[in-house]
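# Observations on chain architecture
So you can see what is in the structure, the chains are spelled out below.
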Amino acid sequence: MLKDCRTVWANCLRVIKANIGEQSFRTWFEPIVPVQLHNNVLIIQVPSQFFYEWLEEHYVDVLKKGIYQELGPEGRLEYSIVVDQGNSQNKPRTVNIPTSRKAAAPTQAASPAAAIAASALTGSARNVAAAAAAPVSNPDMLRNPFEATKAIDRNYVKSQLNNTYSFENYVEGDCNRLARSAGLAVANKPGTTSFNPLMVYGGVGLGKTHLVQAIGNHIKATSPDKFVLYVSAEKFTNQFIESLRNNGVQDFANFYLLVDILILDDVQFLSGKDKTQEMFFHIFNHLHQAGKQIVMTSDRPPRDLNGLEDRLLSRFKWGLTADLQSPDFETRMAIIQNKMEQDGIDIPPQVVEYLAHSVNTNVRELEGVLISLVAQSSLNRREIDLEMAKQALRHIIEEVEAEVNLDFIQKTVAEYFSISLDLLKAKTRKKEVVTARQVAMYFAKEHTSHSLKSIGFHFGGRDHSTVIHSVQTVSDLIDSDKNFRNTIVDLRKKFVKK
Ligand code: ADP
Ligand code: MG
């Protein structure tokens, strides 16, 4: 009797279904379409290369069992892999590949979660966590690996998001434009943009956590049915270690496979933690394959993530990597103003400007100064003023300008030219004062990390073009006037660190 491919496949499925969990069956076997049966070779169509690899790696034995029962010892299996989905005019493009594996020892993994759990425990990991292998070989769990998590209702699992972080209160500037707009794109269309994964990196306190939390909050607000999960890499690691201890690796994997948007903060924490990386690698692959969105942050660019496996790093390149820089003066001003509005604080404009000029390290530090100012003001029942701000900033300024600070340069130059400090900063255009001022600006540029804007600000509120002009004038004079050059050489000695 001639058999057709559909009947043969339907019978195979019956065998397979009896051997694996329901969820795995739905994930990995329902999407398969039987396409041809010829000379005892059954061809099945699978949706992607990844799908084929996964089947080959984890289900080849159960597949072979089915084929054997249906077609006998001569029966063989071939995959037709969809490499291009096609469209209304063009049919999907496929390639055919025969099954590669010989029937080997039965694979233990019978569901993605079990496979992940099992493979996260291969090699050296197995020695470390011999006990943790137990759930994988526990036949009950294998039959229905999702049973353990059935009780979890995705909507009720807390996303671990902090709803104070939003796009609205994430001030845009040159320092974060790409990362912010990519974040917004991802938040509007999670899993469907080419920014998957989205990797945001930048130094401490520059707004990584804020941005990725804003993505999570936005998705939660617009698609409440989506399971968004924010987790720090540190917490992820601790949970994983805990699951090894409690024979709960499979539950751990199961849980993460339910996530629609996974936000992993500070991935640099995974450096050197091979087993945790392995687990994350598999979760990553599975979620990515299923069209789920992955968002990550790191305190350094991926190329500097030492101690992270290459295969994991190469996954990060699939999507978009965007960096956060230190905010410039205008952005710092906007951040302070935004924060004041949010918290209902009132600070005089010149104090805001002073803060924005002086704290150029990172946003967290800027916020820290604001908070301490507000605290002081309410403690002493005194309005916030410039004096108070200077006081609050003393330790930071000292740190930043430990080498040669602006005050020192101004004082030294003023003394050298025998004029007062006030005159140096005043509006006067008297020639000798102008020259002294220009020289002081020139050295400020040479010996401090102040921006042109900030230098101008500290010289009686001049703008940055005045500073540029001063630096240029001094440079020209050095070239053209020998006496002037000697003056500069003489003065410079005072600013070079001994
Ligand atoms: P990171 O995770 O990079 O160390 P955070 O996201 O924790 O930094 O940011 C530190 C603080 O600075 C947070 O309170 C955050 O809200 C604030 N912040 C950072 N960047 C911005 C920005 N562009 N607009 C508003 N607030 C910001
Ligand atoms: Mg952070």
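Residues numbered from 1 in each chain as written. Chains lettered and ligands numbered in written order. Predicted model: local features only at pLDDT ≥ 70, side-chain atom pairs only at ≥ 80, totals over all residues. Heavy atoms only, no water.

## Here's the deal with the overall build of the chain
Keep this limit in mind: Each helix corresponds to a stretch of at least 4 residues labelled H or I by DSSP, and each strand to a stretch of at least 2 residues labelled E; elements are numbered beginning at the N terminus. The cut-offs for exposure are 20% and 50% of the maximum accessible area for each residue type, with area from a 1.4 Å probe on protein chains only; residues under the lower value are buried, those over the upper are exposed, and the others partly exposed. Here, residues are in contact when the closest pair of their heavy atoms is within 4.5 Å. Reported accessibility uses the Shrake-Rupley method at a 1.4 Å probe radius. Residues are deemed covered only where the shown protein chains occlude them.
When helices and strands are tallied, the chain shows 25 helices and nine strands. Classification of the 498 residues of the chain by burial places 48% in the buried group. Within the chain, counting contacts between residues at least 6 apart in sequence, those at least 24 apart form 72% of the total. Total accessible area computed for the chain in this model is approximately 25000 Å², and 50% of it derives from carbon and sulfur atoms.

## Some words on the site of ligand 1
Definition in use: The cutoff for a nearby residue is simple: one of its non-hydrogen atoms must lie within 4 Å of the molecule or strand. Polar contact criterion, stated in full: a pair of N or O atoms within 3.5 Å, where within protein one must be able to donate a hydrogen and the other to accept it, and residues adjacent in sequence count only if both atoms are side-chain atoms. Lys, Arg, Asp and Glu make up the charged group, whereas Ala, Val, Leu, Ile, Met, Phe, Trp, Tyr, Cys and Pro make up the nonpolar group; the residues left over, Gly among them, are polar. The start and end points of each domain follow an automatic or database-based domain assignment.
Inspection of the region around ligand 1 gives 17 residues, with Gly-205, Thr-209, His-210, Arg-364 and Glu-367 positioned closest. Backbone polar atom of Leu-206 to an oxygen atom of ligand 1: 3.3 Å apart, as the coordinates give it. Taking His-210, its side chain carries an N or O atom lying 2.6 Å from an oxygen atom of ligand 1. Contact with the protein chains hides 90% of the accessible area of ligand 1, taken as 560 Å² for the molecule alone. Every element with two or more residues in the shell around ligand 1 is listed here: α11 (208-222) and α18 (363-379). Classifying every residue of the shell around ligand 1 by side-chain character gives seven nonpolar, seven polar and three charged. Both of domain 2 (156-324) and domain 3 (329-396) provide at least three residues apiece to the shell around ligand 1.

## Notes on the pattern of salt bridges
The criterion, for reference: Only one rule defines a salt bridge in this text: a Lys or Arg side-chain nitrogen within 4 Å of an Asp or Glu carboxyl oxygen.
Under the counting rule described, the total for this entry stands at 13 salt bridges. A salt bridge links Arg-177 to Asp-174, with the shortest nitrogen-to-oxygen separation between them at 2.4 Å. A residue is classified by how much of its surface remains accessible, and Arg-177, at 39% relative accessible area, is partly exposed. Given the relative accessible area of 59%, Asp-174 is considered exposed. In this structure, the salt-bridge partner of Arg-311 is Glu-309, at a minimum N-O distance of 3.1 Å. According to the relative accessible area criterion, Arg-311 is partly exposed, its value standing at 30%. Classification of Glu-309 by relative accessible area gives partly exposed; the value is 28%. Sharing partners across several salt bridges, the network here consists of Glu-172, Asp-174, Arg-177 and Arg-180.

## Some remarks on the packing of helix α22 (residues 431-447) against helix α24 (residues 464-480)
The following threshold applies: Axis definition: a line fitted to C-alpha atoms, over the contacting stretch in the case of helices. Angles run 0 to 180 degrees between N-to-C directions. When describing relative orientation, an angle under 35 degrees is termed roughly parallel and one over 145 degrees roughly antiparallel, while 65 to 115 degrees is termed roughly perpendicular and anything else oblique.
Across the interface, α22 lies against α24 with an axial gap of 8 Å and an inter-helix angle of 100 degrees. Accordingly, the angle class assigned to the pair α22 and α24 is roughly perpendicular. Residues Gln-438, Val-439, Met-441, Tyr-442 and Lys-445 of α22 pack against Thr-466, Val-467, His-469, Ser-470, Val-471, Thr-473, Val-474, Ser-475 and Ile-478 of α24. Partitioned by chemical class, the residues of the contact of α22 with α24 number seven nonpolar, six polar and one charged.

## Quick word on helix α12 (residues 233-245)
Heads up, the condition is: Take the number of residues in a helix, subtract one, and multiply by 1.5 Å to get its expected span.
Over its 13 residues, α12 runs 18 Å from end to end, which matches the ideal 18 Å to within 8%, given 1.5 Å per residue. Structurally, α12 contributes buried residues whose contacts are with β6 (228-232), α13 (249-257), β7 (261-265) and α14 (274-289).

## Quick word on the nonpolar core
As a rule of thumb, soluble globular proteins bury nonpolar side chains together. Short version of the rule: Among buried residues, those of type Ala, Val, Leu, Ile, Met, Phe, Trp, Tyr and Cys that are joined through side-chain atoms within 4.5 Å constitute a nonpolar core.
The biggest cluster of nonpolar side chains holds 32 residues, and the ones touching the most others in it are Phe-236, Tyr-256, Leu-262, Leu-264, Phe-280, Met-296 and Phe-316. The set of elements that each furnish at least two residues to this core consists of β6, α12, α13, β7, α14, β8 (293-298) and α15 (310-316). It is α14 that contributes the most residues to this core, six residues altogether. Ignoring anything within four residues of it in the chain, the contact list for Phe-280 reads Phe-236, Leu-262, Leu-264, Leu-270, Met-296, Leu-312 and Phe-316.

## Details of unusual backbone geometry
Among all residues save glycine, negative phi is the norm, and among peptide bonds the norm is trans. Cis geometry marks the peptide bond from Asn-196 to Pro-197, where omega comes out at 5 degrees. Within the secondary structure layout, Pro-197 lies in the loop between α10 (177-188) and β5 (198-202). Although it is not a glycine, Asn-247 adopts a positive phi angle of roughly 55 degrees. Within the fold, Asn-247 resides in the loop between α12 and α13. By relative accessible area, which is 37% here, Asn-247 ends up partly exposed. Here the phi dihedral of Asp-266 falls at roughly 60 degrees; this positive angle occurs in a residue that is not glycine.

## Things to note about the UniProt feature "binding site: ATP" (unreviewed entry) in the chain
So the rule is basically this: UniProt positions are given in the numbering used here, feature names are shortened, and annotations may be inferred rather than shown by experiment.
Feature annotation in UniProt assigns "binding site: ATP" (unreviewed entry) to the following positions: Gly-205, Gly-207, Lys-208 and Thr-209. Summarising the element assignment, Gly-205 is placed in the loop between β5 and α11. Given a relative accessible area of 9%, Gly-205 falls into the buried group. Those residues within four positions of Gly-205 in sequence are excluded, and the remaining contacts are Asn-362, Val-363 and Arg-364. For Gly-207, the residues in contact, after removing those within four places along its chain, are Tyr-170 and Leu-324.

## Structural notes on α24
Which entries qualify depends on this criterion: Of all possible arcs, the one meant is that of the directions from the helix axis to the C-beta atoms.
With 17 residues, α24 extends 25 Å from end C-alpha to end C-alpha; this agrees with the ideal 24 Å at 1.5 Å per step. Burial in α24 covers these residues: Val-467, Ser-470, Val-471, Val-474 and Ile-478. All buried residues of α24 lie within an arc of 95 degrees about the axis, which places them on one face of the element. Facing away from the buried side of α24 by more than 90 degrees, the exposed set consists of Asp-479 and Ser-480. Of the surrounding secondary structure, the elements contacted by the buried residues of α24 are α22, α23 (452-458) and α25 (482-495).

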